[in-house]
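# Observations on chain architecture
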Amino acid sequence: PSAIALIGARAGSERVKDKNVRRLAGHPLLAYAIETARRAEVFDRILVSTDSEQIAQVARWYGADVPFLRPVEYASSTSPDIEWIAWTLRRLDERYDLFAIVRATNPFRGPQVIRRGLDQVLATPEADSIRAVELVKQHPGKMWVIDEVGRLMRPLLDQSHLDVAWHAGQYQALPPIYVQNSALEIAWTRVVEATGTREGRMLAPFLTEGYEGLNIDDEDDFARAEEVAARGGAELVPIG
């Protein structure tokens, strides 16, 4: 099936200033997403969606296609991804069977992750999409809600039916719970029009390991990524 890589890179990041073009080990974060998609060798096209001409120039320099700029109304900090994805797919002359969201915020996700994800999509025909997930470290079974006056609290999840409440047990005894990360999403393009969502109704879990799922969402995350890259704790895709 034909496939397009969509790399969202809006301007105006609030938690990490100029995040998409901020340099990590000598190159903008955006460059690693583009090069990862290129080296995966599974995409017919690699397209960057941005509302910034400056970011567009960086994307083109590193080999991505930026045929048009994203409207500002689809580029705010609260704009859902489905808006710019649907708008972008409608604007294209070509039609693709699959699209992958390859975010710039995951610099340690290599091309093998994308190839692994595509293999899983093709091997799971009942799924509309796959989404990257990893085991939670902060288990919701040990989370609490504090009442309005701040005097008492109750478990976030009802545990009254359990012999031993999750909040009183060891982590190893808790049911496995997964949290999504931004490493990879792949979906059949038909689900966008059919369901008005980017993922459809039937999602398959794509399990990531280690630094594959490291999201850069704030300054602490960026500092951690710099430290990991500096000590060689995880590989960045080489950029010529």
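Structure shown above.
Presented here is a report on the structure given in the accompanying data block. (Residues numbered from 1 in each chain as written. Predicted model: local features only at pLDDT ≥ 70, side-chain atom pairs only at ≥ 80, totals over all residues. Heavy atoms only, no water.)

## Topic: a nonpolar patch on the surface
Side chains of Leu135, Tyr171, Tyr178 and Leu207 sit close together on the surface and give an oily, nonpolar patch of about 390 Å² of accessible area. Mapped onto the secondary structure, Leu135 falls in strand E6 (residues 129-135). (Patch = residues over 30% accessible without salt bridge, like charges linked within 9 Å, V, L, I, M, F, W, Y side chains within 5 Å. Areas by Shrake-Rupley, 256 points an atom, 1.4 Å probe, with all protein chains shown as cover. Salt bridge = Lys/Arg side-chain N within 4 Å of Asp/Glu carboxyl O. Helix = DSSP H or I, 4+ residues; strand = E, 2+ residues; numbered from the N terminus.)

## A few points about the sheet that holds E6
Strand order in this open sheet of six strands is E4-E1-E5-E9-E6-E10, and the pairing throughout is mixed. Of all the strands in the sheet, the pair left with one neighbour each is strand E4 (45-49) and strand E10 (203-207). Adjacent strand axes in the sheet meet at a mean angle of 30°, parallel and antiparallel pairs treated alike. Of the strands in this sheet, strand E1 (3-8) and E4 are in contact with helix H1 (residues 29-40), which crosses E4 at around 160°. (Pairing = 2+ DSSP bridges. Axes fitted to C-alpha atoms, helices over the stretch in contact; angles between N-to-C directions. Contact = heavy atoms within 4.5 Å.)

## So, the pattern of salt bridges
Inspection of the entire model under this criterion finds 16 salt bridges. Glu219 is the salt-bridge partner of Arg22, the closest N and O atoms lying 2.9 Å from each other. On the criterion of sequence distance, the pair formed by Arg22 in the loop between E1 and strand E2 (23-24) and Glu219 in helix H6 (residues 219-231) is long-range, its members being 197 residues apart. Here Glu219 falls in the partly exposed class, since its relative accessible area comes to 36%. Note that Glu35 is salt-bridged to Arg39, the shortest N-O span being 2.8 Å. Note that Glu35 and Arg39 are positioned in helix H1 at a spacing of four residues, about one turn of the helix. The class for Glu35 is buried, based on a relative accessible area of 7%. In this structure Arg39 comes out as partly exposed when scored by relative accessible area, which is 33%. (Buried < 20%, exposed > 50% of the residue type's maximum accessible area, 1.4 Å probe, protein only.)

## Observations concerning the packing of aromatic side chains
When we look at a pair of aromatic rings, we describe it by the centre distance and by the angle of the planes. Counted by the stated rule, this structure contains three aromatic pairs. Three or more aromatic residues link up through ring pairs in this structure, and these residues are Phe68, Tyr74 and Trp87. For the cation-ring pair, Arg22 lies above Phe222, with the distance from its terminal atom to the ring centre recorded as 4.1 Å. Between Arg91 and the ring centre of Phe68, over which it is positioned, the NZ or CZ distance is 4.5 Å. (Phe/Tyr/Trp six-rings, centres within 6.5 Å; stacked < 30°, edge-to-face > 60°. Lys NZ or Arg CZ within 6 Å of the ring centre and 35° of its normal.)

Interpretation note: all reported values are geometric properties and have no functional meaning in isolation.
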